[in-house]
Amino acid sequence: MPKPYDANFATEPPADLPLSSKVKNLRKAYQDAEAACERYAQENSRYRSRDVRRIGESKPRYISAALEEAKRELREAEIAAVEAGKPLPDKDEFLAPAKAKADEYDRMASALKVIAQKAKQAYSNALHGELQTMGLKEAEKAAKARDEWERAYRAMAAAKATLDLHAGLFTWCVTAGDMDVHPRTGHSQGENLESWELTEDGRLKFEAAKALDYFDNLVKVGGLIEPDPDPIAPALSEWAEGRVPAQHYSKPVGHEYANHVGEIY
C-alpha cells in the first residue's frame, strides 16, 4: 500500500490546483527547502554514513567514504613512519577531521530535513484550509464545462446525422437504389466515415471507397467512384498466351459415359 502524502492528504496535491497566492508562496518555500536538502546531500555525499556490515554481522557498522579514505591515508602514513624509524602518527588526531565532517553532515542533513518537513506541513495545512472554497469554484467550472460539452455533443450529433443522410443518398445513387444507407452503417468495427475523401473532379477516391466497403458488386453506376489507380494485371504465363482451352463435356462415343475432349464451337 502506498505511503500517504501526509496527515492531511492521501496523495500528493495535483500540480494544476488553482492555489491562492498565500498557498503558492508556502508551496514554493517547501519546494525550496526540499531542493536545499537534496542539494546538500549530493554535494556532501562523501561524508554521509553508510551501513557497511557484512553478511552474518548483526550489528550495523556505519562509516563514510571520507572516513574510509582517511583510514587508508593513516595506514600509508603508519607504514611510512615505520620505514623511516619515526613514531606512529596519532590515530585520533589523524582521523578527527573526517569524523568531524561526518558528524557535521549528520547534524546538518537532519536539520535541513526538519526544515523541509515544517515547510511541507505549513503548505499542507494552508491548502487543506482552502479546500472548501476551491472545491466550490471547481464545481462551478465543471458545470460550465458540462454545458459546453453538451452543446458540442449536440452539434456533433447533428453533423453526424447530416453526414449519414448524404452518405446514404450517395449510396442510393451509386447502387441504383439497391441500398439507401452507406455500407458500414452501424458496423461494430467502425463506420470509417472519416475516410470519405473526393478526387479533384468530385468522385469518391478509390482508397476511400475501399475503406467504406463500396465493393464492385454494389456499384451499379459508373463515374461516381475513382477507378483503381494501380490495378493488378491478371497473371498469364507465356505458355498459356494465345492458347484456346479445350472443352470437356460428356458425349456418348463408344460408351454412354465416355468423356470427350472437343473443340470450342
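Procedures and definitions
- Residues numbered from 1 in each chain as written.
- Predicted model: local features only at pLDDT ≥ 70, side-chain atom pairs only at ≥ 80, totals over all residues.
- Heavy atoms only, no water.
- Helix = DSSP H or I, 4+ residues; strand = E, 2+ residues; numbered from the N terminus.
- Contact = heavy atoms within 4.5 Å.
- Areas by Shrake-Rupley, 256 points an atom, 1.4 Å probe, with all protein chains shown as cover.
- Axes fitted to C-alpha atoms, helices over the stretch in contact; angles between N-to-C directions.
- Parallel < 35°, antiparallel > 145°, perpendicular 65-115°, else oblique.
- Left-handed = near helix turned anticlockwise from the far one by under 90°.
- Patch = residues over 30% accessible without salt bridge, like charges linked within 9 Å, V, L, I, M, F, W, Y side chains within 5 Å.
- Salt bridge = Lys/Arg side-chain N within 4 Å of Asp/Glu carboxyl O.
- Buried < 20%, exposed > 50% of the residue type's maximum accessible area, 1.4 Å probe, protein only.
- Phe/Tyr/Trp six-rings, centres within 6.5 Å; stacked < 30°, edge-to-face > 60°.
- Lys NZ or Arg CZ within 6 Å of the ring centre and 35° of its normal.
- Polar contact = N/O pair within 3.5 Å; in protein donor to acceptor, adjacent residues only side chain to side chain.
- 1 Å grid on protein atoms, 1.4 Å probe; cavity = no way out; pocket = protein on both sides within 12 Å on 5 of 7 lines; lining within 4 Å.
- Points joined across faces, edges and corners; volume = space filled by probe spheres on them.
- Nonpolar A, V, L, I, M, F, W, Y, C, P; charged D, E, K, R; others polar.
- Core = buried A, V, L, I, M, F, W, Y, C linked by side-chain atoms within 4.5 Å.

What follows concerns the overall build of the protein chain. Along the backbone of the protein chain there are five helices and four strands. Listing every helix and strand of the protein chain by position from the N terminus yields α-β-β-α-α-α-α-β-β. Taking the intrachain contacts of the protein chain between residues at least 6 apart in sequence as the baseline, contacts between residues at least 24 apart amount to 47%. Carbon and sulfur atoms make up 55% of the accessible area of the protein chain, which totals about 20000 Å².

Packing of helix α2 (residues 65-84) against helix α3 (residues 91-129) brings their axes to within 9 Å, and their N-to-C directions diverge by 155 degrees. Judged by the inter-axis angle, α2 sits roughly antiparallel to α3. Regarding α2 and α3, the two cross each other, and that crossing is right-handed. Here A66, L67, A70, K71, E73, L74 and A77 of α2 lie close against α3, whose contacting residues are K91, F94, L95, A98 and K99.

This part takes up a nonpolar patch on the surface. Judged by side-chain polarity, W149, Y153 and M156 come together as a nonpolar surface patch covering roughly 370 Å² of accessible area. For W149, a relative accessible area of 55% translates into the label exposed.

With that settled, the discussion passes to the packing of aromatic side chains. A full pass over the atoms with the stated rule returns six aromatic pairs. Arranged with centres 5.3 Å apart and planes meeting at 80 degrees, the rings of F170 and W196 form a pair that is edge-to-face. Note that F170 is positioned in helix α4 (residues 131-174) and W196 in the loop between α4 and α5 (206-211), a separation of 26 residues in sequence. The residue whose ring lies beneath K101 is Y47, and the NZ or CZ to ring-centre distance is 5.1 Å. Directly above the ring of Y5 sits K120, whose terminal nitrogen or CZ lies 4.2 Å from the centroid.

What follows deals with the environment of Y47. Here Y47 is to be found in the loop between α1 (21-43) and β1 (50-51). A relative accessible area of 16% means that Y47 is categorised as buried. On a C-alpha basis, the gap between Y47 and I63 in space is 8.6 Å, while along the polypeptide they are 16 residues apart. Here Y47 is in contact with S64, A66, K101, A102 and Y105, once residues within four sequence places are set aside. Engagement of the side chain of Y47 in a polar contact is seen with the side chain of R46, the distance being 3.2 Å.

Another aspect to go through is the layout of surface pockets. In this structure, the largest pocket encloses a volume near 190 Å³. In terms of lining, the largest pocket is formed by F206, A209, K210, Y214, F215, D216, V219, I225, E226 and D228. Within the lining of the largest pocket, the residues separate by chemical class into six nonpolar, no polar and four charged.

Counting residues in hydrophobic clusters, the biggest one holds 12 residues: Y5, F9, L19, V23, Y30, A33, A116, A119, Y123, A126, L127 and M134. Listing elements by their share of this core, those giving two or more residues are α1 and α3. Per-element accounting of this core gives the leading share, five residues, to α3. Contact partners of A33, with chain neighbours within four places excluded, come to I115, A116 and A119. Of all hydrophobic cores here, the second largest spans 10 residues; its members include A167, F170, L193 and A208.

One non-glycine residue, A176, lies in the positive phi region at around 55 degrees. On the secondary structure map, A176 appears in the loop between α4 and α5. If you check the backbone angles, D213 has positive phi at about 65 degrees while not being a glycine. Among the residues examined, D213 registers a relative accessible area of 17% and is labelled buried.

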